[in-house]
Amino acid sequence: MRLVLLGPPGSGKGTQAEMIAAKLGIPRVSTGDILRDAVSRNTALGAKARSYMDQGRLVPDEIMIGIIEERLNQPDCANGYILDGFPRTLGQAIALDEMLAKKMAPIDLAMLIDVSDETVVRRLTQRRICPRCHALYNLQTEPPKRDEICDKCGTELVLRSDDQESTVRTRLRVYRSDTLAVIQYYDSRGILKKVDGEGGKDTVFGSIVNELEGVGQK
Ligand code: AMP
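Residues numbered from 1 in each chain as written. Predicted model: local features only at pLDDT ≥ 70, side-chain atom pairs only at ≥ 80, totals over all residues. Heavy atoms only, no water.

A.B. asks: Can you help me understand the environment of Gly200 in this one?
C.D. replies: As for its position among the elements, Gly200 is in the loop between β7 (192-196) and α8 (201-217). With 59 residues separating them in the primary sequence, Gly200 and Thr141 have C-alpha atoms 8.8 Å apart. (Helix = DSSP H or I, 4+ residues; strand = E, 2+ residues; numbered from the N terminus.)

As structure tokens, then:
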């Protein structure tokens, strides 16, 4: 299964991608995590990406397409993967299709997780991330056991620099101006499914699993 997970920032893509990855036994490929890792290690890529990310803007397509090509060529992606955060522009979607056409391994399904702007802002400003293992928490709905400390690795949790409210609003604008075209693109190819992302994570996961089972039965 080669799956693209779509939705605005804060729609729960990362959480759902982890849950789907565990269920299907395929890797979650998060371009945001790849970039954050590069920023924290101060690599050349990190240096280029940092200012775009801090402003809530998109890293240029040519950089992102190179990153994804390299990642999808790793052996763990041979039997499928879940893309979380890629493609985010029409150019990226088309480049991805061209890349996959060469391997004769096209995207099977694009799943859109639909949530309102108010939910996005509420969730993201309450979100905390572990800078070490990337585990996600929500201070209201899914707090860590110890105050702002990662349950998994004991590292102090942080607010992502791009989860400040003003940056979240920019990211929502970017989503509308650039990423809606990606949704239309997959819809026009007949491989788009939509689920309601307003509920709790298990409810949303249930809806996604239902849709995935539908695909398996085709
Ligand atoms: P995410 O964790 O997916 O919300 O991504 C965090 C940030 O990384 C985004 O706001 C962008 O600055 C950058 N980013 C991640 N994926 C992409 C992509 N496919 N294209 C451009 N920028 C990206």
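A.B. asks: Just to check I follow, could you spell out a negative patch on the surface for this structure?
C.D. replies: Together, Asp114, Glu118, Asp196 and Glu198 line one region of the surface with negative charge. Tracing the sequence through the fold places Glu198 in the loop between β7 and α8. Its relative accessible area of 37% is what places Glu198 among the partly exposed residues. (Patch = residues over 30% accessible without salt bridge, like charges linked within 9 Å, V, L, I, M, F, W, Y side chains within 5 Å. Areas by Shrake-Rupley, 256 points an atom, 1.4 Å probe, with all protein chains shown as cover. Salt bridge = Lys/Arg side-chain N within 4 Å of Asp/Glu carboxyl O. Lys, Arg positive; Asp, Glu negative; His and termini not counted. Charge placed at Lys NZ, Arg CZ, Asp CG, Glu CD. Buried < 20%, exposed > 50% of the residue type's maximum accessible area, 1.4 Å probe, protein only.)

A.B. asks: Would you mind going over the environment of Ala49 with me for this structure?
C.D. replies: As for its placement among the helices and strands, Ala49 is situated in helix α3 (residues 44-54). Each C-alpha atom of the pair Ala49 and Val209 lies 34 Å from the other, and the pair is 160 residues apart in sequence. Excluding its chain neighbours within four sequence positions, the residues that come into contact with Ala49 are Leu35 and Val59. (Contact = heavy atoms within 4.5 Å.)

A.B. asks: Please clarify how the nonpolar core should be interpreted in this entry.
C.D. replies: The tendency in soluble globular proteins is for nonpolar side chains to be buried as a group. Grouped together as the largest cluster of nonpolar side chains are 33 residues, with contacts concentrated most on Leu6, Leu72, Tyr81, Leu83, Leu96, Ile107 and Tyr186. Among the elements that line this core, the one with the most residues is helix α4 (residues 61-72), at 6 residues. Excluding anything up to four places from it in sequence, Leu83 contacts Leu3, Val4, Leu5, Val29, Ile68, Leu72, Leu96 and Ile107. Counting 18 residues, the second largest nonpolar core, distinct from the first, contains Ile26, Met111, Val195 and Val209. (Core = buried A, V, L, I, M, F, W, Y, C linked by side-chain atoms within 4.5 Å.)

A.B. asks: Hey, could you run me through the confidence of the model for the chain in this one?
C.D. replies: Close inspection of predicted coordinates is inappropriate in any region flagged by low pLDDT. The predicted model of the chain has a mean per-residue pLDDT of 93, with 99% of residues at 70 or higher. Mean pLDDT across the secondary structure elements of the chain bottoms out at α8, with 87, and peaks at strand β3 (residues 81-84), with 98. (pLDDT = per-residue confidence, 0-100.)

A.B. asks: Teacher, can you tell me more about the site of the ligand here?
C.D. replies: Close to the ligand lie 16 residues; Thr31, Arg36, Arg57, Gly85 and Gln92 are nearest. Contacts to the ligand include Gly85, whose backbone N or O atom sits 2.8 Å from a nitrogen atom. Arg171 has a polar side-chain atom sitting 3.3 Å from an oxygen atom of the ligand. Relative to its unbound accessible area of 480 Å², the ligand is 96% covered by the protein chains. Considering every element that reaches the shell around the ligand, the biggest residue donor is helix α2 (residues 31-40), with 4 residues. Here the shell around the ligand is built from residues that sort into 6 nonpolar, 4 polar and 6 charged. (Near = heavy atom within 4 Å. Polar contact = N/O pair within 3.5 Å; in protein donor to acceptor, adjacent residues only side chain to side chain. Nonpolar A, V, L, I, M, F, W, Y, C, P; charged D, E, K, R; others polar.)

A.B. asks: Even after reading the chapter, I still don't get the pattern of salt bridges, so can you show me in this structure?
C.D. replies: Applying the stated criterion to the full structure yields 18 salt bridges. One salt bridge in this structure joins Glu142 and Lys201, with 2.9 Å as the shortest N-O distance. Taken as a pair, Glu142 in the loop between β6 (136-138) and α7 (165-188) and Lys201 in helix α8 lie far apart in primary sequence, 59 residues in all. Relative accessible area serves as the criterion here: at 35%, Glu142 is assigned to the partly exposed category. The salt bridge involving Arg171 is made with Asp162; its shortest N-O contact spans 3.9 Å. Comparing Arg171 with Asp162 shows no difference in burial state: the two are buried. In this structure, a network of salt bridges that share partners links the residues Glu18, Arg28, Asp33, Arg36 and Asp84.

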